[in-house]
Amino acid sequence: MNQNQWICITGCTDGIGRISALELAKKGYLLVLVARNSQKLENLKKELLQIRNEPDAFVLFVCDLSILSNVRSTSQEILNRFPKLYCLLNN
């Protein structure tokens, strides 16, 4: 198990980001999930909970990375909550 190893994935609700989130959850990683669409994030979390029924293993952040003020505030929130990330998958 990869306990206490947080991986942050941006663009996690579709394509490669989504598949990465699903596969990393299967391997036991803890996930910080960042995407624009809150409904898609919630849907992904439901799917992840089917793989691992550990709600605290998945933390969601809604952020539009094309808006610099969103990037600044979200990155600060993530930094405050997770001072050390194992990996950043910037999708």
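Scroll up to find the structure.
Residues numbered from 1 in each chain as written. Predicted model: local features only at pLDDT ≥ 70, side-chain atom pairs only at ≥ 80, totals over all residues. Heavy atoms only, no water.

Asks: Mind showing me how you'd approach the overall build of the chain here?
Replies: Along its length, the chain carries three helices and four strands. The order of helices and strands in the chain, counted from the N terminus, is β-α-β-α-β-α-β. For the chain, the C-alpha radius of gyration of 12 Å lies close to 12 Å, the compact-globule estimate for 91 residues. Reported as C-alpha extents along the three principal axes, the dimensions of the chain are approximately 35 × 25 × 20 Å. Of all 91 residues assigned to the chain, the portion counted as buried reaches 38%. Restricting to contacts in the chain with at least 6 residues of sequence separation, those with at least 24 account for 60%. Of the roughly 5600 Å² that the chain leaves accessible, carbon and sulfur atoms contribute 49%. (Helix = DSSP H or I, 4+ residues; strand = E, 2+ residues; numbered from the N terminus. Rg over C-alpha atoms; globule rule 2.2 N^0.38 Å. Buried < 20%, exposed > 50% of the residue type's maximum accessible area, 1.4 Å probe, protein only. Contact = heavy atoms within 4.5 Å. Areas by Shrake-Rupley, 256 points an atom, 1.4 Å probe, with all protein chains shown as cover.)

Asks: Even after reading the chapter, I still don't get the sheet that holds strand β4 (residues 87-90), so can you show me in this structure?
Replies: Backbone hydrogen bonds are what pair the strands of a sheet, in a parallel or an antiparallel way. The four strands are arranged β3-β2-β1-β4 in an open sheet whose pairing can be described as parallel. The outermost strands of the open sheet, each flanked by one partner alone, are β3 (58-62) and β4. Mean inter-strand twist for the sheet, computed between neighbouring axes without regard to direction, equals 15°. By the bridge criterion, four bridges tie strand β1 (residues 6-10) to β4 in an arrangement that is parallel. Among the inter-strand pairings, Thr 10 is bridged to a residue of β4, identified as Asn 90. Each of β2 (30-35) and β3 touches helix α2 (residues 38-51); the most contacted strand, β3, lies at about 170° to it. (Pairing = 2+ DSSP bridges. Axes fitted to C-alpha atoms, helices over the stretch in contact; angles between N-to-C directions.)

Asks: Just checking my understanding: could you explain the environment of Asn 91 for this structure?
Replies: Relative to the elements of secondary structure, Asn 91 occurs in the segment after β4. When its relative accessible area of 42% is taken as the criterion, Asn 91 is described as partly exposed. When the C-alpha atoms of Asn 91 and Gly 11 are compared, they prove to be 5.3 Å apart, with 80 residues separating the residues in sequence. Ignoring anything within four residues of it in the chain, the contact list for Asn 91 reads Thr 10, Gly 11, Asp 14, Ile 16 and Gly 17.

Asks: What is the right way to look at the packing of helix α1 (residues 15-26) against α2 in this model?
Replies: What describes two packed helices is the angle between their axes and the distance between those same axes. In contact at an axis separation of 9 Å, α1 and α2 are set at 25° when each is read in the N-to-C sense. Viewed along their axes, α1 and α2 adopt a mutual orientation that is roughly parallel. The crossing of α1 and α2 is right-handed. In this structure, α1 uses Arg 18, Ala 21, Leu 22, Ala 25 and Lys 26 to contact α2, whose residues at the interface are Leu 44, Glu 47, Leu 48 and Ile 51. Grouping the amino acids of the contact of α1 with α2 by side-chain chemistry returns six nonpolar, no polar and three charged. (Parallel < 35°, antiparallel > 145°, perpendicular 65-115°, else oblique. Left-handed = near helix turned anticlockwise from the far one by under 90°. Nonpolar A, V, L, I, M, F, W, Y, C, P; charged D, E, K, R; others polar.)

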